[in-house]
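What follows is each chain in one-letter form.
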Amino acid sequence: MAGSSEIRESRKSTLIGTSAGWVMKLLCATLRFEVDDRCRIGDKGSLPEPVIYCLWHNRIFTVPRVWQKLCSAHRKAVVLTSASHDGAMLARAVGVFGIGSVRGSSSRRGVAALVALRKALREGVDVCLTPDGPRGPRYVLQPGAVKLAQAGQAAIIPIHVEYSSAWVLRSWDRFHVPKPFSKVRVIMDEALAVPAELSESEFEDWRLRIESILRAGVEDIPDEA
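Attention in this report is confined to the structure presented alongside it. (Residues numbered from 1 in each chain as written. Predicted model: local features only at pLDDT ≥ 70, side-chain atom pairs only at ≥ 80, totals over all residues. Heavy atoms only, no water.)

1. Some points on the pairing of strand E4 (residues 100–103)
The two faces of a sheet get side chains in turn, since along a regular strand they alternate between them. Pairing between strand E3 (residues 77–81) and E4: 4 bridges, direction parallel. Counted as the bridge partner of Leu80 is Val102 from E4. Crossover connection from E3 via helix H3 (residues 85–95) to parallel E4: handedness right-handed. (Pairing = 2+ DSSP bridges. Helix = DSSP H or I, 4+ residues; strand = E, 2+ residues; numbered from the N terminus. Right-handed = clockwise from strand over helix to strand, strands pointing away.)

Below, the structure is given as structure tokens:
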């Protein structure tokens, strides 16, 4: 039996994850997308250095397909997933869209994950984070995204996703799945350059700033958040 700090994957999670990726791809084929590329990430050469994409955990469903169409011809990317079987399924699902993965967002593997993400940035690979994952609180930005931006000196690209009609699951994050043939608006927001050196209060100011930007347009923020 694997230890709690080990990366887990099984044949079942591999099969389910890959199948989920193809379901995502088929459903996305029915959707009407509107993409507002404010940072021009889709223009080859406009952002030559690797970046960090940030979006809320419950809005990730359509983003792999948008990234594939917008960026895959000239950029590479990895997504951070947990070391659990759920993380294995997500890794396999995004793999259908040509996106790699770094496993280990649990607290036990957090340092190893940060090292692997910094390595990806040094190699010119974009990194995708869901900064309220893997277990919440929902719509609260954990400090890891700011730390990685500091350490890797990579710009943060906030991503907003709006669905005209979606199913909302009863998961901790109220995961959103767009209904077939509905409209999806994706905003690749302006790039944010986090300074390498920050005091404790400046760090918290940046964390709150990015959190506020990501919350813009979100209609179901809990009252206690």
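2. Remarks on the environment of Asp36
Along the chain, Asp36 falls in strand E1 (residues 32–37). Given the relative accessible area of 23%, Asp36 is considered partly exposed. Excluding anything up to four places from it in sequence, Asp36 contacts Arg185, Val186, Ile187 and Met188. (Buried < 20%, exposed > 50% of the residue type's maximum accessible area, 1.4 Å probe, protein only. Contact = heavy atoms within 4.5 Å.)

3. Things to note about the sheet that holds E4
The strand order E1-E9-E6-E2-E5-E3-E4 describes an open sheet built from 7 strands, whose pairing is mixed. The open sheet has two free edges, formed respectively by E1 and E4, since each of these has just one partner strand. In this sheet, neighbouring strand axes are inclined to one another by 25 degrees on average, regardless of whether the strands run parallel or antiparallel. Taken together, the 3 bridges between strand E2 (residues 51–54) and strand E5 (residues 126–129) define a ladder with parallel strand orientation. Directly across from Tyr53, in E5, lies its bridge partner Cys128. (Axes fitted to C-alpha atoms, helices over the stretch in contact; angles between N-to-C directions.)

4. With respect to the packing of helix H1 (residues 11–28) against H3
Between two packed helices, what matters for the description is the angle formed by their axes and the separation of those axes. Where H1 meets H3, the axes come as close as 7 Å, and the angle between the chain directions of the two elements is 40 degrees. Our classification of the angle between H1 and H3 gives oblique. The two elements H1 and H3 cross, and the hand of that crossing is right-handed. Contacts between H1 and H3 involve Ser13, Thr14, Ile16, Gly17, Thr18, Gly21 and Met24 from the first element and His85, Ala88, Met89, Arg92 and Ala93 from the second. (Parallel < 35°, antiparallel > 145°, perpendicular 65-115°, else oblique. Left-handed = near helix turned anticlockwise from the far one by under 90°.)

5. Observations regarding unusual backbone geometry
Here Gly133 and Pro134 are connected by a cis peptide whose omega angle stands at 0 degrees. Tracing the backbone shows Pro134 in the loop between E5 and helix H5 (144–152). With an omega of 5 degrees, the peptide bond between Gly136 and Pro137 qualifies as cis. Topologically, Pro137 is positioned in the loop between E5 and H5. Even without being a glycine, Arg174 presents a positive backbone phi close to 55 degrees. Relative to the helices and strands, Arg174 is located in the loop between strand E7 (166–168) and strand E8 (176–178). The exposure class assigned to Arg174 is partly exposed, which follows from its relative accessible area of 37%. In the Ramachandran plot, Phe181 falls in the positive-phi region, its phi being about 70 degrees despite a non-glycine side chain.

6. Here's the deal with the packing of H5 against helix H6 (residues 200–215)
Between H5 and H6, the shortest axis-to-axis distance is 9 Å and the interhelical angle comes to 115 degrees. For the pair H5 and H6, the sense of crossing is right-handed. Touching Val146, Lys147 and Gln150 of H5 are Phe203, Trp206, Arg207 and Ile210, all from H6. Taken together, the residues of the contact of H5 with H6 break down into 4 nonpolar, 1 polar and 2 charged. (Nonpolar A, V, L, I, M, F, W, Y, C, P; charged D, E, K, R; others polar.)

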